[in-house]
Amino acid sequence: MAAVTSLSFSALTQSSFPSARNLASNSDVLRFRTSFSLHYGGFRSSNSSPRLVVHCMSSTSDLATVADTKLNFLKAYKRPIPSVYNTVLQELIVQQHLMRYKRTYRYDPVFALGFVTVYDQLMDGYPSDEDRDAIFRAYINALKEDPEQYRADAKKLEEWARAQTSSSLIEFPSKEGEVEGILKDIAERAGGKGSFSYSRFFAVGLFRLLELANATEPTVLEKLCAALNIEKRSVDRDLDVYRNLLSKLVQAKELLKEYVAREKKKREERAGAQKANEAIATCLGEPQYMGL
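Residues numbered from 1 in each chain as written. Predicted model: local features only at pLDDT ≥ 70, side-chain atom pairs only at ≥ 80, totals over all residues. Heavy atoms only, no water.

Enquirer: Where do I start with the overall build of the chain in this structure?
Expert: A tally of helices and strands in the chain yields 10 helices and 2 strands. Ordered by position from N to C terminus, the α and β elements of the chain give β-β-α-α-α-α-α-α-α-α-α-α. Per-residue burial over the chain gives 42% buried out of 292 residues. Across the chain, the fraction of contacts at a sequence separation of at least 24, relative to all contacts at a separation of at least 6, is 77%. In the structure as shown, the chain presents an accessible area of about 16500 Å², 52% of it carried by carbon and sulfur atoms. (Helix = DSSP H or I, 4+ residues; strand = E, 2+ residues; numbered from the N terminus. Buried < 20%, exposed > 50% of the residue type's maximum accessible area, 1.4 Å probe, protein only. Contact = heavy atoms within 4.5 Å. Areas by Shrake-Rupley, 256 points an atom, 1.4 Å probe, with all protein chains shown as cover.)

Enquirer: Explain the packing of aromatic side chains here, please?
Expert: The description of an aromatic ring pair rests on the distance of the ring centres and on the angle between the ring planes. Tallied over the entire structure, the rule returns 14 aromatic pairs. With a centroid separation of 6.1 Å and an interplanar angle of 65 degrees, the aromatic rings of Tyr198 and Phe202 are classed as edge-to-face. Neither residue differs from the other here; Tyr198 and Phe202 are each classed as buried. Over the aromatic face of Tyr101 sits the side chain of Arg100, whose NZ or CZ is 4.9 Å from the ring centroid. Just above the ring of Phe136 sits the side chain of Arg151; from NZ or CZ to the centre is 4.2 Å. (Phe/Tyr/Trp six-rings, centres within 6.5 Å; stacked < 30°, edge-to-face > 60°. Lys NZ or Arg CZ within 6 Å of the ring centre and 35° of its normal.)

Enquirer: Help me understand the environment of Tyr85 in this model?
Expert: Of note, Tyr85 is situated in helix α2 (residues 83–100). For the pair formed by Tyr85 and Asp124, sequence separation is 39 residues and the distance between their alpha carbons is 9.8 Å.

Enquirer: Would you take a moment to explain the layout of surface pockets for this structure?
Expert: Approximately 150 Å³ is the volume found for the largest pocket. Around the largest pocket sit 10 residues that line it, and Val116, Thr117, Asp120, Glu158 and Arg208 are the ones nearest its centre. Of all the secondary structure elements, the ones that give two or more residues to the lining of the largest pocket are α3 (109–122) and α5 (147–162). (1 Å grid on protein atoms, 1.4 Å probe; cavity = no way out; pocket = protein on both sides within 12 Å on 5 of 7 lines; lining within 4 Å. Points joined across faces, edges and corners; volume = space filled by probe spheres on them.)

Enquirer: Would you mind going over the nonpolar core with me for this structure?
Expert: In summary, soluble globular proteins display a tendency toward joint burial of nonpolar side chains. Ranked by size, the top nonpolar core spans 68 residues in total, and within it Ile135, Tyr139, Tyr150, Leu228 and Val235 carry the most contacts. Aside from chain neighbours lying at most four places away, what touches Tyr150 is Gln96, Tyr105, Tyr107, Phe111, Ala112, Phe115, Val116, Phe136, Ile140 and Glu145. (Core = buried A, V, L, I, M, F, W, Y, C linked by side-chain atoms within 4.5 Å.)

Enquirer: Honestly, the packing of α5 against helix α7 (residues 178–193) in this entry has me stumped. Any pointers?
Expert: How two helices sit against one another is set out by the angle between their axes and by the gap between those axes. Axis separation between α5 and α7 bottoms out at 10 Å; the angle between their running directions is 105 degrees. Taken together, α5 and α7 sit at an angle that is classed as roughly perpendicular. Packed against α5, whose contacting residues are Lys156, Leu157 and Trp160, the element α7 presents Glu178, Val179, Glu180, Ile182 and Leu183 at the interface. The residue makeup of the contact of α5 with α7, split by class, is 5 nonpolar, no polar and 3 charged. (Axes fitted to C-alpha atoms, helices over the stretch in contact; angles between N-to-C directions. Parallel < 35°, antiparallel > 145°, perpendicular 65-115°, else oblique. Nonpolar A, V, L, I, M, F, W, Y, C, P; charged D, E, K, R; others polar.)

Enquirer: For this particular structure, what's the right way to read α5?
Expert: Given 3.6 residues per turn, any residue in an α-helix points the same way as the ones three and four places further on. Between its first and last C-alpha atoms α5 spans 23 Å; for 16 residues at 1.5 Å apiece the expected length is 22 Å, and the two agree. Contact partners of the buried residues in α5: α2, α3, α4 (129–142), α6 (166–169), α7 and α8 (200–212). (Expected span 1.5 Å × (residues − 1).)

Enquirer: In this structure, what is going on with α7? I would like to understand it.
Expert: Taken residue by residue, α7 has Val179, Glu180, Ile182, Leu183, Ile186, Ala187 and Arg189 as its buried positions. Next to the buried residues of α7 lie α3, α5, α8 and α9 (218–228).

The structure is reproduced here in structure tokens:
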């Protein structure tokens, strides 16, 4: 599906949408986990045999549940959210909770860029900019992460990508710099030398880098995935999911706009009829005098 790499975010809104429930990768997701550590005791004396000491440590009490995360969000932001936004937000926070508490999860700026991109697309057109920012902070804080770091890292990567070309974007392994260092770290961890947790937010972050660099050639995504040790087939699949999400949001917002317009018209018609009735009642209630 190399053609996806030539689409802009605005173009991604033009297809039908099945469901937003799959915005997080479902592989090896565990809501509760028990970790075990093995400590080798070594020799106690010259004639003693080695012993293996096994410490079983349950970490279930340290992990937040989905209910905990949703409750944290509701406590942090108590105002009502229109259903067209809230339905998708609730699905996202459940899926991101599962990503957040995966054993292999580790925050990285490309993931942050992907989430910020999805959130800003979702909340585009929200009635209040102040509320939109407050919801963002409440959402990230509910996951016990830093909303300021998300925004700062997303901005940093966006500024970097705007200064890149199709060739320079994929040449990061041979270059020095802050963002280049971030990408090298991701490539190293994704290559099996550390903890890395791929997600659809990460895929969206990659695509956002390509868009800002005007890297529309079909082969650029393939080369970037290879440099990062990421499976391109997964990225292609997840960009399809993102495209469908945007399509669903566009349709839902259009329906909401039509509904609001109809309700406004009905209120105006009812108000006009009420004023007319009041005027008639006032007129009929006034005493009439006939001149002689």
